[in-house]
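Report on the structure
Read off the chains here:
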Amino acid sequence: RSLLVVHFWAPWAPQCAQMNEVMAALAKEHMQVTFVKLEAEAVPEVSEKYGISSVPTFLFFKNSQKVDRLDGAHAPELTKKVQRHASSSSVSAGSNDGAKEDLNVRLKKLINAAPCMLFMKGSPKEPRCGFSKQMVEILNKHGISFSSFDIFSDEEVRQGLKTYSNWPTYPQLYVAGELIGGLDIVKELEASGELDTVCPKAQKLEDRLKILINKAPVMLFMKGSKQMAKCGFSKQIIEIMNSTGVDYETFDILEDEEVRQGLKTYSDWPTYPQLYVKGELVGGLDIVKELRESGELLPILKGEN
């Protein structure tokens, strides 16, 4: 009955190392769950059998049967899936009272999974009822930062949350773990001007760019990643960076159109790749080539210049 979570990973992928840390934290929280790491390229026949085409990928097993899968480095989603499958394991093993208690613990965690949580039908990109669609439109219009849970994805949560919150319909909006209400309440808050004070605002793009630029001492914004450059300029700069032996992190601007366009304006630099050291723009490929030829690149990357 117990849950087994298998992480197919690769030592060269930094996102795998991050997810290993997430998995270690989950292992401490869910003692009844078994977590296993498998190096995908070391077991090609297993990877092929389960269709592992990228890392990280997580497979979930119960009673030797695969019950779920997660592709990519999505820590909140991994946490959700582990909680869901672990609680359903304990439900099947325990008494009804135990099951009720486990569900309440799980609901509390879901409600507190983000500062602002919306329980809705469908997702913000694809709402599956008119009320949920209107709720998402209002939150987006006010620039409110929120996470969501699709109640169609979990019947236990769908029914249990009605009782837990004593609110019979969806969508339901929670802020800091407290129920705000449904669509009518949110409309009233919007009309009175209170909505902006009740709900947390989405991070401004400029603040987000500052955080990204300072995420590591040396940050490279490029097309693709260290492992797979997706343009010739990015490939060349990666080769130069790797030859220096200096640690650096990358951000794939193809994955985020807001960052891709916003960083050009923020840094007043119209092209990619862009290299930053300690939050300061060094430049693009041509500048990096010039610095390498003059012998200045390594001291700059080490923060000595």
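Residues numbered from 1 in each chain as written. Predicted model: local features only at pLDDT ≥ 70, side-chain atom pairs only at ≥ 80, totals over all residues. Heavy atoms only, no water.

Per an unreviewed UniProt entry, the recorded name for the protein chain is Glutaredoxin-3, and the organism is Eudyptula minor. As stated in UniProt under Subcellular location (unreviewed entry), the record for the protein chain gives "Cytoplasm, Cytosol". (UniProt positions renumbered as here; feature names shortened; annotations may be inferred.)

Remarks on helix H12 (residues 285-294)
Since one α-helical turn is 3.6 residues long, residues separated by three or four positions face the same way. Residues of H12 that are buried: Leu285, Val288 and Leu291. For H12, the angular spread of the buried residues around the axis is 125°, confining them to a single face. Across from the buried face of H12, at angles greater than 90 degrees, the exposed residues are Asp286, Glu290 and Glu293. Of the surrounding elements, those touching the buried residues of H12 are helix H10 (232-244), strand S11 (274-277), strand S12 (280-283) and helix H13 (297-301). Of the residues one or two after H12, Gly295 is the one with positive phi, at around 80°. (Buried < 20%, exposed > 50% of the residue type's maximum accessible area, 1.4 Å probe, protein only. Helix = DSSP H or I, 4+ residues; strand = E, 2+ residues; numbered from the N terminus. Arc of directions from axis to C-beta. Contact = heavy atoms within 4.5 Å.)

Some details on the packing of aromatic side chains
Overall, the coordinates contain five aromatic pairs when judged by the stated rule. Ring centres 5.5 Å apart and planes at 80° place the aromatic pair Phe119 and Tyr174 in the edge-to-face group. Taken together, the residues Phe119 in strand S5 (residues 116-120) and Tyr174 in strand S7 (residues 172-175) connect sequence positions 55 residues apart. Residue Phe119 is classed as buried on the basis of its relative accessible area, which comes to 0%. Centre to centre, the rings of Phe221 and Phe251 are 5.7 Å apart; their planes meet at 40°, and the pair counts as tilted. (Phe/Tyr/Trp six-rings, centres within 6.5 Å; stacked < 30°, edge-to-face > 60°.)

Quick look at the sheet that holds S11
Spatially, S10-S9-S11-S12 is the arrangement adopted by the four strands of the open sheet, whose pairing is mixed. The two strands at the open ends of the sheet, each matched to only one other strand, are strand S10 (249-252) and S12. Ignoring which end each strand starts from, the neighbouring axes of this sheet average 30° apart. Here four bridges tie strand S9 (residues 218-222) to S11, and the two strands are oriented antiparallel to one another. Across the sheet, residue Val218 finds its bridge partner in S11, namely Val277. Across the sheet, helix H9 (residues 205-213) is in contact with S9, S10 and S11; its angle to S9 comes to roughly 120°. (Pairing = 2+ DSSP bridges. Axes fitted to C-alpha atoms, helices over the stretch in contact; angles between N-to-C directions.)

What to know about the pattern of salt bridges
According to the stated counting rule, one finds 16 salt bridges in the structure shown. Lys81 is the salt-bridge partner of Asp68, the closest N and O atoms lying 3.1 Å from each other. Remark: Lys81 occurs in helix H3 (residues 75-93) and Asp68 occurs in strand S4 (residues 65-71); sequence separation between them is 13 residues. Accessibility classification places Asp68 together with Lys81 in one group, the buried group. With a closest N to O distance of 2.9 Å, Arg69 and Asp71 form a salt bridge. The partly exposed category is assigned to Arg69, whose relative accessible area is 23%. Within this structure, Asp68, Lys81, Arg84, Arg106, Asp154 and Glu156 form a network of salt bridges that share partners. (Salt bridge = Lys/Arg side-chain N within 4 Å of Asp/Glu carboxyl O.)

Section: the nonpolar core
In globular proteins that are soluble, nonpolar side chains generally tend to be buried together. Counting residues in each nonpolar core, the largest one holds 18 residues, and the members touching the most others are Val218, Leu220, Met241, Leu275 and Leu301. Here Leu275 is in contact with Val218, Met219, Leu220, Met241, Glu280, Leu281, Val282, Gly283, Val288 and Leu301, once residues within four sequence places are set aside. By size, the runner-up hydrophobic cluster in this structure holds 16 residues, among which are Cys116, Met120, Leu139 and Leu173. (Core = buried A, V, L, I, M, F, W, Y, C linked by side-chain atoms within 4.5 Å.)

Focus on the pairing of S7
The alternating pattern of S7 places Gln172 and Tyr174 on one face and Leu173 and Val175 on the opposite face, and all of these are buried. With four bridges connecting them, S5 and S7 associate as antiparallel partners. Directly across from Phe119, in S7, lies its bridge partner Gln172. Relative to strand S8 (residues 178-181), S7 is paired through three bridges, and the arrangement is antiparallel. Within the sheet, the bridge partner assigned to Val175 lies in S8 and is Glu178. Hairpin connection from S7 to S8: two residues lie between these consecutive antiparallel strands, with Ala176 at a positive phi of about 55°.

Let's talk about the pairing of S9
The element S9 is largely enclosed, with a buried count of five among its five residues. Along S9, one buried face is formed by Val218, Leu220 and Met222 and the opposite face, lined by Met219 and Phe221, is buried too. By the bridge criterion, four bridges tie S9 to S10 in an arrangement that is parallel. Each residue of the ladder has a partner; that of Met222, found in S10, is Asp252.

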